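An overview of the molecular structure
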Amino acid sequence: MPQTNKSRNTPVQSGASAEEPALREENPTAEDAGGGGEDNVGDSEIIKSPSDPKQYRFLVLDNGLRALLISDYSGPLASDDEDPDEEEDLEEEEEEEEEDDGESGDDSGDEDDEDEDGKKKKGNAEKQSAAALCVGVGSFSDPSDLPGLAHFLEHMVFMGSEKYPSENGFDAFLKKHGGSDNASTDCERTIFQFDVQRKSFKEALDRWAQFFICPLMIRDAIDREVEAVDSEYQLAKPSDSHRKEMLFGSLAKPGHPMGKFCWGNAQTLKQEPKKNKINVYKRLRAFWKKYYSAHYMTLAVQSKEKLDTLEEWVKEIFSKVPNNDLPKPEFSDLLDPFDTPAFCKLYRVVPVGKVQALNITWALPPQEKHYRVKPLHYISWLVGHEGTGSILSVLRKKCWALALYGGNSETGFDQNTTYSIFSISITLTDEGFQNFYQVTHLVFQYLKMLQTLGPQQRIYEEIQRIEANEFHYQEQIDPIEYVEDVCENMQLFPKEDFLTGDQLMFEYNPEVIGAALSLLTPERANLMLLSPGHEGRCPLREKWFGTQYSVEDIEQEWMQRWTVNMELSGDLHLPAENKFIATDFTLKPSDCPDSDFPVRIASSDEGCLWYKKDNKFKIPKAYIRFHLISPVIQQSAKNIVLFDLLVTILAHNLAEPAYEAEVAQLEHKLVASEHGLIIRVKGFNHKLPLLFHLIIDHLADFSASADVFSMFTEQLKKTYFNILIKPDKLGKDVRLLILEHSRWSMVEKYQALTAGLSMEELMEFSRSFRAELFAEGLVQGNFSSAESVQFLQYVTEKLQFAKLPAEVPVMFRVVEIPPKRHICKVKTLNKGDANSEVTVYYQVTALVKLKECEDTHLGEEVDRNWTEVVTQQYVFDRLNREIDALKQISRTELVSWFQEHRGQNARQLSVHVVGFGAEESEEEGGKNQGEDKEELSDSTYGEVSKLTFLPASSKMADVISIMDVPTFTGGLPLFPYHKILK
């Protein structure tokens, strides 16, 4: 598929009429747009979505700082007359316990608590006030003798200010007022952002602005923050994506900033400077003074205040940011960084995870200036296509590839003022790895076909129409994410395109597209081949991440085939016209009484359906979700593996026929949950039934060839392995193994898979799975109740299953831990990972979270309702109940509750995943340091089919050590199934 852009990574789907794509909203009155009346009118030159109720105003302050004010005004602050002290104290205590809350031990719904992009929703998802500031400087400006200084400064500016000198004062303020903050350093930009409750926004803005006005950067904090930077580096080291980036950057010309070590670590920021007598504190202050200047800062603020109020605040607070009038750092003269002998080679790389992949990369001239045409987006749309005639379609039929991503991620690494990357990344099967040159050959054949045919206006306009539809019916996203995107856009695009520059295809220009396409030739391509099979054959090491690799010339025979009259493949062709693009955006009238929460509109022995018509967000979209509950999944670890295989192969079978729906913004996801198959479908309602029927049809007619079965069996082994080598995943698996009765662990699943499975066993399981089911569904959005019932009817009629002989619980029963402190320590299963993971779990009787929030888009409301359905709790007004309960709790009661559950009789479980390193091996692992180093020199792909339990430290005498899980849990009582009925 095309590589997704860095921005708008939460649901921002939209759509204009296909006949008349609306790229611009005519300047409505603020009252019509919900913007707070005639005294809150925005800037008509800024193009926004017709579905966007916010008002915008652009300012340039006297110091040169550019600001975009975003008013989400809906009325005066409701809590102006309230005394916030007691509430704030309550929130502060609440925050401390937030991580412990909700951990009943049941994580079976984990996959369903995520939004459609796989992101966990924040505990406090209220529509907050937010601000983000982008400084037009990043790691490219690092001095050569202090790698990582820009990243380090991003940390250090938060260490107090002259006006608010407390080292962690800002974080403490946000914590007290329900907020959060973050920052990131890219190649040419550094972004800071925060959100907070509306009533505290002005003070938070003032506190935050001081970091850009008069930061203290407390000298005593340097060593602590170096450790924080080094910790980020250590956590990034096991990431194959970061390792590939660092290796790729090392191929740049000597002296080009792409070759810099942008992360920074203890070596570059502490040890080396100390040895070379470099005063890091002075250099930090000099870097801030030189580069944190108002005239290349952009600011975006969003709040439910009127624009005039926001303007007053921004001018009052941010006019004090200094402007040094120095020219902005410029790198656009450093073109062609990869025009070097190190490029256009074949690099064999040893990955951390068990993954086999081929990356084909071109370094092109900078493409940002062509944002109105977006040539790389057009090309990636075709290269990443998965329908008939595409590269991936052919590779899948040969069982050579599982996935393909093409394009440019638009991060600073992929696109900056010196170059733009176009990359094609293919996840290979074992057979595809053996034939990687043939895979590369197919890619080059497809590119030659595109070059021969030239840019196609029909295809460009189809993409343009889909993007226009998406923009027209744009859903709102969390303010903190929105302002982060917008403040960066302000560095890249003119005022009128702040909100559209990274979203829309403005104009078809075959010359610009053709120029980019003509550069994607075999002679200019660099190949990077990742495989665990390269271990022992890669003598070179990348300096900073230690990635093992080798380099060789591309075989001359293949290069000749690619460059001398390369023949085209008859299997490859352009995609046909997309039948899934919506053209009807009519909002449907209700055919039943409106309700605040979903209501059950159909129920039988075979299933039931919950329904809610959307009358709040009023967009022509809908969500369909079904949970097909089966008793056979949890019967054995082997059955769980067979179920994982079934769902994986079903997704594979759907990939090509459903791809056109995906690119038309109709999304689907299949989840192998603990107790059933979850089907999630969303998008414009017009063509959504077509996609839903397609999925059910493929499930009813499930089949798999021997080649496909073999391919995904091997791939599932890699998937399980890659989960087990991650400390956080392993820690969670061990914790749930202890807490949840009858749960099968990932290690047991891996054992069952490696013991061997047959094609016949899979087909028999698929028949038994479909034989007896209970189908429970939820439909929300722009469907009538009559239309919605038809989805349940289609499921029951097409799958023809019998009713369940007995009710199947959809949650595990939880083990009641004795009132003592317990610890379970296991060794990490990744020998090359020094990181350790600690999770402390408190088993509590009850706790209410602060969840008074406002949904920013329909998906949030659906997620919340679906959690009630999939867990069969059905407390759709849970938020209101929790808020009411919370308001009745006094500070004294909460502190008493807190002390009770943290005291000597606490039911506490601490799970430690211990990394490899001299410190651990000496005491915990039973080896001396020499033995540990010897082990590290062996294969990093260690044994993951069993856990190594470690005893607790001798310093923890009062702790019960869990060395055998079944023995520990065997005699413990179980909590009953918990369901709120009234």
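Residues numbered from 1 in each chain as written. Predicted model: local features only at pLDDT ≥ 70, side-chain atom pairs only at ≥ 80, totals over all residues. Heavy atoms only, no water.

Glancing now at the sheet that holds strand E3 (residues 129-135). Here six strands make up an open sheet; going across it, the order is E1-E2-E6-E3-E5-E4 and the pairing mixed. The sheet is open, and its two borders are formed by strand E1 (55-60) and strand E4 (180-185), each paired with just one other strand. Each strand of the sheet is rotated relative to its neighbour by a mean of 10°, with strand direction disregarded. Bridge count between strand E2 (residues 66-71) and strand E6 (residues 297-303): six bridges; the pairing is parallel. Bridge pairing links Arg66 to Thr298 in E6. (Pairing = 2+ DSSP bridges. Helix = DSSP H or I, 4+ residues; strand = E, 2+ residues; numbered from the N terminus. Axes fitted to C-alpha atoms, helices over the stretch in contact; angles between N-to-C directions.)

With that settled, consider the packing of helix H4 (residues 201-213) against helix H9 (residues 307-318). Geometrically, a packed helix pair is captured by the angle between its two axes and the distance between the axes. Between H4 and H9, whose axes approach to 9 Å, the crossing angle comes to 30°. By the angle between their axes, H4 is roughly parallel relative to H9. Considering the relative orientation of H4 and H9, their crossing is right-handed. Between H4 and H9, the residues in contact are Phe201, Lys202, Leu205, Asp206, Trp208, Ala209 and Ile213 and Leu310, Trp313, Glu316, Ile317 and Phe318, respectively. (Parallel < 35°, antiparallel > 145°, perpendicular 65-115°, else oblique. Left-handed = near helix turned anticlockwise from the far one by under 90°. Contact = heavy atoms within 4.5 Å.)

As a packed pair, helix H18 (residues 637-655) and helix H23 (residues 746-754) sit with axes 8 Å apart at the nearest point and diverge in direction by 80°. Taken together, the axis directions place H18 and H23 in an arrangement best described as roughly perpendicular. For the pair H18 and H23, the contacting residues are Ala637, Lys638, Ile640, Val641 and Asp644 in the first and Glu748, Lys749, Ala752 and Leu753 in the second. Grouping the amino acids of the contact of H18 with H23 by side-chain chemistry returns five nonpolar, no polar and four charged. (Nonpolar A, V, L, I, M, F, W, Y, C, P; charged D, E, K, R; others polar.)

Let us now look at the sheet that holds strand E17 (residues 667-672). Strand order in the open sheet made by the six strands is E14-E15-E19-E16-E18-E17, with mixed pairing throughout. Either end of the sheet is taken by a strand with one partner, and the two such strands are strand E14 (599-603) and E17. On average, each strand axis in the sheet is tilted by 15° relative to the strand beside it, whichever way the strands run. One ladder, built from six bridges, connects E17 with strand E18 (residues 676-684); its direction is antiparallel. Bridge pairing links Glu667 to Lys682 in E18. Across the face of the sheet, H18 comes into contact with E17 and E18 while running at roughly 165° to E17. Its contacts with the sheet place helix H26 (residues 858-870) against strand E15 (607-613), strand E16 (621-629), E18 and strand E19 (774-781), and it is angled at close to 160° to E19.

With 150 residues, the main nonpolar core has Trp362, Val383, Leu628 and Leu677 as its most contacted residues. For this core, the element with the most residues is H18, which contributes eleven residues. Not counting the four nearest positions on each side in its chain, Leu677 is found in contact with Phe626, His627, Leu628, Phe643, Val647, Leu650, Leu670, Val671, Leu699 and Phe769. Within the second largest apolar cluster, 61 residues are counted, among which are Val137, Met156, Trp288 and Ile317. (Core = buried A, V, L, I, M, F, W, Y, C linked by side-chain atoms within 4.5 Å. Buried < 20%, exposed > 50% of the residue type's maximum accessible area, 1.4 Å probe, protein only.)

Despite not being glycine, Asp336 has its phi angle at roughly 50°, a positive value. With respect to the secondary-structure elements, Asp336 resides in the loop between H9 and strand E7 (346-349). The class for Asp336 is partly exposed, based on a relative accessible area of 46%. The phi torsion at Gln872 lies on the positive side, around 55°, for a residue other than glycine.

With that settled, consider the confidence of the model for the chain. Residues at a pLDDT of 70 or more form 87% of the chain, whose mean pLDDT is 87. pLDDT under 50 marks residues 6-34. Its contacts with residues more than four places away, or in other chains, come to 100 contacts. Segment residues 79-125 is flagged for pLDDT under 50; beyond a separation of four residues in sequence, or across chains, it makes 108 contacts in the model. (pLDDT = per-residue confidence, 0-100.)

What follows is about helix H27 (residues 878-887). Among the residues of H27, those classed as buried are Leu879, Glu882, Ile883 and Leu886. Projected down its long axis, H27 shows its buried positions confined to an angular sector of 100°, all on one face. (Arc of directions from axis to C-beta.)

The next subject is the pattern of salt bridges. This model, assessed by the stated rule, comprises 38 salt bridges. For Glu386, the salt bridge identified is with Arg396, shortest N-O distance 3.3 Å. Taken together, the positions of Glu386 in the loop between helix H10 (375-383) and helix H11 (391-397) and Arg396 in helix H11 put the pair ten residues apart, joining distant regions of the chain. Here Glu386 and Arg396 have matching classes, each one buried. (Salt bridge = Lys/Arg side-chain N within 4 Å of Asp/Glu carboxyl O.)

What follows covers the packing of aromatic side chains. This structure, assessed with the given rule, holds 47 aromatic pairs. Ring geometry for Phe194 against Phe201: centres 6.0 Å apart, planes inclined by 40°, an arrangement best described as tilted. Each member of the pair, Phe194 as well as Phe201, is classed as buried. Relative to Phe769, the ring of Phe643 has its centre 5.3 Å away and its plane inclined at 35°; by these criteria the two rings are tilted. (Phe/Tyr/Trp six-rings, centres within 6.5 Å; stacked < 30°, edge-to-face > 60°.)

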